[in-house]
Amino acid sequence: MADDLEGGCACGAVRYRLTAAPMFVHCCHCLDCQRQTGSAFVLNALIETGHIELLQGAPRPVGVPTDSGRPHDIYRCPECQTALWSDYGGRPLLRFVRIGTLDSPSALKPDVHIYTRSKLAWVGLLDDVPAFEVFYDREALWPAASRERLRKAVGG
Ligand SMILES: [Zn+2]
Ligand SMILES: [Zn+2]
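First things first, this report covers the structure right here in the doc. Residue indices begin from 1 for each chain and proceed along its sequence in written order. Starting at A for chains and at 1 for ligands, labels are handed out in the order in which the entities are written. For this predicted model, a pLDDT threshold of at least 70 governs which residues receive local features, and a threshold of 80 or more governs which side-chain atom pairs are given and counted, while totals over whole chains, interfaces and linings are taken from all residues. With hydrogens and water stripped out, all remaining heavy atoms of the structure feed into the side-chain values.

**Points about unusual backbone geometry**
So, point 1. Backbone geometry places Q81, a non-glycine residue, at a positive phi of 70 degrees.
So, point 2. Among the secondary structure elements, Q81 is positioned in the loop between β7 (72-76) and β8 (83-88). Strands here mean DSSP runs of E at least two residues long; helices mean DSSP runs of H or I at least four residues long; both are numbered from the N terminus.

**A look at the packing of aromatic side chains**
The geometry of an aromatic ring pair is captured by two quantities: the separation of the ring centres and the angle between the planes.
So, point 1. Pairing of aromatic side chains requires ring centres within 6.5 Å, counting the rings of Phe and Tyr and the six-membered ring of Trp. Pairs whose planes differ by under 30 degrees are stacked, by over 60 edge-to-face, and all others tilted. What the rule picks out here adds up to six aromatic pairs.
So, point 2. An angle of 20 degrees between the planes, with centres 5.1 Å apart, marks the rings of F24 and W142 as stacked. Taken together, the residues span a long stretch of sequence, with F24 in strand β3 (residues 24-28) and W142 in the loop between α2 (138-141) and α3 (144-154) at a distance of 118 residues.
So, point 3. Summary of the burial criterion: residues with accessible area below 20% of their type's maximum are buried, those above 50% are exposed, and those between are partly exposed, where the area comes from a 1.4 Å probe applied to protein chains only. The exposure class assigned to F24 is buried, which follows from its relative accessible area of 5%.

**With respect to the coordination of the zinc ion (ligand 1)**
So, point 1. Only nitrogen, oxygen and sulfur atoms count as donors, using a 2.8 Å cut-off from the metal that widens to 3.2 Å for Na, K and Ca. Water is left out, so coordination shells may look unfilled. Around the zinc ion (ligand 1), the protein supplies C9 (SG), C11 (SG), C77 (SG) and C80 (SG) as donor atoms, at distances of 2.3 Å.
So, point 2. Each of the four donor atoms bound to the zinc ion (ligand 1) contributes to angles spanning 105 to 112 degrees, and the resulting shape is tetrahedral.
So, point 3. Look at where the donors of the zinc ion (ligand 1) fall in the sequence and you get C-x1-C-x65-C-x2-C.
So, point 4. A relative accessible area of 0% means that C77 is categorised as buried. Sites are called tetrahedral only when four donors show all angles between 85 and 135 degrees, square planar or octahedral only when four or six donors show opposite pairs over 155 degrees and all other angles between 65 and 115, and irregular in any remaining case.

Pasting the structure below:
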């Protein structure tokens, strides 16, 4: 599976491999994600920073404003500026990896759709993935093993 979880930026300066499956995968339809990606939604694989092995290059953080005032750094290739992952909330041990930068983006699928209140009307969702107008209850949705991994990564 790890073979499927290699990726990189558009110019090839940054290459990475995920050394574990993500804890959970978000498809976020919020207005911030739409603006930051210039698209309809963002696909974020939540994973421990330690499970991102850099094979080549090093993305650089670029801060973006947030409604909440909590920090959000988008890590981009210093050459071509492709967004590879995010640090939401200044949590150095947790990353939100953009699935579209994988060599095989089909290797991972959303576990949940969030902020569907601003989902574009022409985006149709299948019934087999839970969807929420805003956010969701992690205790109810995440597998126990993933909750344990998150606790180890960020505490609480
Ligand atoms: Zn690049
Ligand atoms: Zn969002």
